[in-house]
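Chains, contacts and geometry: an overview
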Amino acid sequence: MANIILVGAQWGDEGKGKIIDVLTEQADIVVRSQGGNNAGHTVYLGSKKYVLHLVPSGILRKRKVCVIGNGVVIDPISLVGEIEGLRKLGIRMGSNLLISETAHLVFPYHRELDAQREVLKGKNKIGTTKRGIGPAYGDKAARTGLRMLDLIKPDSFAEKLKLKIRDNNEILKAFGAKPLQYKKVLESYAEAGAKLKPFVGNTVVFLHEACMARRNILFEGAQGTFLDLDHGTYPYVTSSNTTAGGACTGSGVPPHHMDRVLGVMKAYTTRVGEGPFPTENAELGDFLHGLGREFGATTGRARRCGWFDAVATAHATMVNGIDELAVTNVDGLDTLDVVRVCVAYRWRGNRLDRVPADLEILNECEPVFVEFPGWKTDTSKARRWKDLPAKARAYLNAIAELTGSSLSIVSVGPAREQTLFL
Ligand code: IMP
């Protein structure tokens, strides 16, 4: 299989969880390299639904090693809950999970600060998942964060946590929020630390040795290109590098060991949280929500929906170096008469072929659409490319071409067998 970086080519929720699960069959190791429990990957196995937040979805297959890399921010309580939940579902949790000792930790004060900052922003709020992701990465960048290494050393951890709670309680007080009780936090974190300790190790060396042994590694991206801290619609982004480069820094595997980049995108576009969304269309949103689709896996929020934006996905190809594409949720469009694709933006009478970085411009952009006839056929039973109606194939070929990459996977439903390889 080689080493593959899988990234979201839109605003997250592209259906990556399912594609990761399908590709994991050929992988030996699956790595998460950024983000935290703001992510939610949904995988269906038979009638069972699994929503994973921190643990790579490779965990659902036997004989795969899952790695939570150094670039991830870990809420230990949430991770323990996820591990215990997986155990209850009959999944073995042992040497198949390795957690980086240098991954940073998320604390209750991060979550509280996340919430308070959103309140302070008022109508300019980001619409975060309130999982404390931004403040945790903020501490990492400010070099004041605590890491897994700290959590698994109970004596020194107690001292370090005391200082952190003291400092952060001052900030919480200034926000008018309730201060945290050191003893309570320590108790829950010490317990989580003891449970996580057997999984903690040097993931950088482990992955280096795996590369030397030519084992196949899948780097599973969380969120999507336009939520990237550097390349997204800042400040309406998450706080990590969700683009392909993040897989290297967040795992310690250097670029020359990466073989291919797979971009995952929906056959239309969705976004959760605030921020610009040029092709947003309330009618399409009502239609998809009416089908019971497009509710967030982490927060349950109804996702904003819009037509496929090829200006955006072409940008994603550029910043990620996407070699091949997986298009998901094709079946969501099955009953429409007409399907639209945005091929350029119009801004004050000018045609723009690139995504402008200036949000004042992006917010004023009107999409320039090309229309495709709907295929009006149930695609969910297709198992091969040639099973798809010609109009659906024409649409998929067009969006791949506009995105500037080649189509390799099409997904027509949540189940593993609803995956078409080209
Ligand atoms: P945060 O990552 O919780 O700080 O949220 C920042 C922005 O990223 C908000 O718009 C969230 O809705 C969005 N976001 C974070 N994680 C995900 C995800 O896994 N899928 C889609 N959007 C996400």
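Residues numbered from 1 in each chain as written. Predicted model: local features only at pLDDT ≥ 70, side-chain atom pairs only at ≥ 80, totals over all residues. Heavy atoms only, no water.

1. Concerning the domain arrangement of the chain
Per the domain assignment, the segments of the chain are domain 1 (4-95 + 202-421) and domain 2 (104-198). Computed over C-alpha atoms, the centres of domain 1 and domain 2 are 29 Å apart. With 28 residues of domain 1 in contact, the opposing surface of domain 2 contributes 23 residues. Together domain 1 and domain 2 conceal approximately 2,000 Å² of surface at their shared face, both sides included; 61% is due to carbon and sulfur atoms. Counting the contacts that link domain 1 with domain 2 gives 3 salt bridges. Between Lys195 and Glu84 there is a salt bridge, with its nearest N and O atoms 3.2 Å apart. Our enumeration of links across domain 1 and domain 2 arrives at 8 residue pairs in polar contact (both at pLDDT 80 or more). For the side of domain 1 that touches domain 2, the secondary-structure elements that each account for two or more residues are β6 (73-74) and α2 (76-88). Among the elements that take part in the side of domain 1 that touches domain 2, α2 stands out by supplying 6 residues, more than any other. When the residues that make up the side of domain 1 that touches domain 2 are grouped by side-chain class, the tally is 11 nonpolar, 13 polar and 4 charged. (Domains from an automatic or database assignment. Contact = heavy atoms within 4.5 Å. Buried area = accessible area lost by both parts, 1.4 Å probe. Salt bridge = Lys/Arg side-chain N within 4 Å of Asp/Glu carboxyl O. Polar contact = N/O pair within 3.5 Å; in protein donor to acceptor, adjacent residues only side chain to side chain. Helix = DSSP H or I, 4+ residues; strand = E, 2+ residues; numbered from the N terminus. Nonpolar A, V, L, I, M, F, W, Y, C, P; charged D, E, K, R; others polar.)

2. Concerning α2
Taking 1.5 Å per residue as the helical rise, α2 with its 13 residues ought to reach 18 Å, and the 18 Å between its terminal C-alpha atoms agrees with that figure. Of the positions making up α2, those classed as buried are Pro76, Leu79, Val80, Glu82, Ile83 and Leu86. Seen end-on, α2 carries its buried residues on one side only, within an arc spanning 160°. Directly beyond the C-terminal end of α2, a positive phi value near 90° is found at Gly90. (Expected span 1.5 Å × (residues − 1). Buried < 20%, exposed > 50% of the residue type's maximum accessible area, 1.4 Å probe, protein only. Arc of directions from axis to C-beta.)

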